[in-house]
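# An overview of the molecular structure
Take a look at the letters that make up each chain.
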Amino acid sequence: MIYFSMGYWVIGLALIVSALGAACGLACIRQSTKSVTARFRVVWLFVASGSIGGVGTGLATFVSLLGFEVKGSQLRYDPASISVAAGLAALTTFIALLMVGKRLHWARLVAGSVIMAAGLGIVQLMVLSAVRVQGTTEHNSVSMIAVFVLALVISALTLWFSLTVTSVPVLLTGSLIYGILVTGMHYAGLTGLDAHIDQSAPLPKGADLFDFFVPFFVIGSLSLAIPITAILVAPDRREARQPTTTPDFDMAHSPSLAVASGLRGGVEQGEQFSLGRS
């Protein structure tokens, strides 16, 4: 097994992608707490789950596979398993965010962490199961246990941060921790993957890594650009929705009306007096 055939910069890129996805997702969660309606809050959480689960976990995992090679065999991937894995990461994150709510409640936090951890762990298992070689592959049980333990830690910390983050430095710190743990979780599973090469076996079928990596990377980049733009625009929209206090027309103009009425009355009395004398 070769894990860094393209260089160790792959680890840094995977960490950056994961941290960016987590940062964008946590920022969206912050915006959801300021939403004026429940519908907009759900929309913010849906976007956050795509950033955290889809980009921060799924896309970062695909980036980590850039340097992965198997000696003596071509390497292919099952595109269906890869696509389902990316969607599952976002879906379980969305369910967990809805479950924990807006305030810290330990029972809901534990339940949400378990659901999200199960999703992240299954995603890693599906990605590893999607690997096709000229021969067979098997997973080390110890590494799989480590994957699910790390997934539980990642999920609990992420959901806790989503409820307690109040400043940008804390948000960035949590995002960096998320990126480190997700990258470590992926390599914990990848190092537990054993390949048994059989030269007499047929060549592996499936897609090359770049066949789905490039589309996913483009989609992931766009999925981050949209919420970032929405976050930047959201404060202005909230200010625009706030009712502006305008002075009451009658109250504002009552003194002038009274003066005008008095003047008109005075003129009428003056005209009556002149007619009376004539």
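Refer to the structure presented above.
None of these values were measured; they are calculated from a predicted model. (Residues numbered from 1 in each chain as written. Predicted model: local features only at pLDDT ≥ 70, side-chain atom pairs only at ≥ 80, totals over all residues. Heavy atoms only, no water.)

### With respect to the packing of helix 2 (residues 38-64) against helix 6 (residues 168-190)
As a reminder of what qualifies: Only C-alpha atoms enter the line fits that serve as axes; for helices the fit covers just the stretch in contact. Angles between N-to-C directions range over 0 to 180 degrees. Each helix is a run of DSSP H or I of at least 4 residues and each strand a run of E of at least 2, with the numbering of both proceeding from the N terminus. In what follows, roughly perpendicular refers to angles from 65 to 115 degrees, roughly parallel to angles under 35, roughly antiparallel to angles over 145, and oblique to any angle outside these ranges. A clockwise turn of the near helix away from the far one marks a right-handed crossing, whereas an anticlockwise turn of less than a right angle marks a left-handed crossing. We call two residues in contact when some of their heavy atoms are within 4.5 Å. Think of it as three bins: nonpolar holds Ala, Val, Leu, Ile, Met, Phe, Trp, Tyr, Cys and Pro, charged holds Asp, Glu, Lys and Arg, and polar takes everything else, Gly as well.
The contact between helix 2 and helix 6 brings their axes to 10 Å, and the two run at 50°. In terms of their interaxial angle, helix 2 and helix 6 are classed as oblique. Helix-helix and strand crossings are classified by hand; for helix 2 and helix 6 the assignment is right-handed. Contacts from Ile 52, Gly 56, Thr 57, Thr 61 and Ser 64 in helix 2 reach Tyr 178, Val 182, His 186 and Tyr 187 in helix 6. Broken down by class, the residue content of the contact of helix 2 with helix 6 amounts to four nonpolar, five polar and no charged.

### Thoughts on the nonpolar core
Spelled out, the test is: To define a nonpolar core, start from buried Ala, Val, Leu, Ile, Met, Phe, Trp, Tyr and Cys residues and group those joined through side-chain atoms within 4.5 Å. Accessibility here uses a 1.4 Å probe with only protein chains present; expressed as a share of the type maximum, an area under 20% marks a residue as buried, one over 50% as exposed, and anything in between as partly exposed.
Residues Phe 62, Leu 65, Phe 68 and Tyr 77 are the most contacted members of the largest nonpolar core, which totals 67 residues. Ranked by residue count, the leading element in this core is helix 1 (residues 9-32), at 10 residues. Not counting the four nearest positions on each side in its chain, Tyr 77 is found in contact with Leu 65, Phe 68, Ile 82, Ala 130, Val 131, Gly 206, Ala 207, Leu 209 and Phe 212.

### Some remarks on the pattern of salt bridges
What counts, and what does not: Each salt bridge in this description consists of a side-chain nitrogen of Lys or Arg and a carboxyl oxygen of Asp or Glu lying within 4 Å of one another.
Throughout the structure, instances matching the rule amount to two salt bridges. Note that Asp 208 is salt-bridged to Arg 76, the shortest N-O span being 3.7 Å. Of this pair, Asp 208 sits in the loop between strand 4 (193-197) and helix 7 (209-241) while Arg 76 sits in strand 1 (residues 76-77), and the two are 132 residues apart along the sequence. Judged by relative accessible area, which is 29%, Asp 208 ranks as partly exposed. A salt bridge links Arg 132 to Asp 78; its shortest N-O distance comes to 3.8 Å. Taken as a pair, Arg 132 in strand 2 (residues 131-132) and Asp 78 in the loop between strand 1 and helix 3 (79-100) lie far apart in primary sequence, 54 residues in all. Among the residues examined, Arg 132 registers a relative accessible area of 31% and is labelled partly exposed.

So, to be careful, I would describe these as geometric facts and stop short of saying anything about function.
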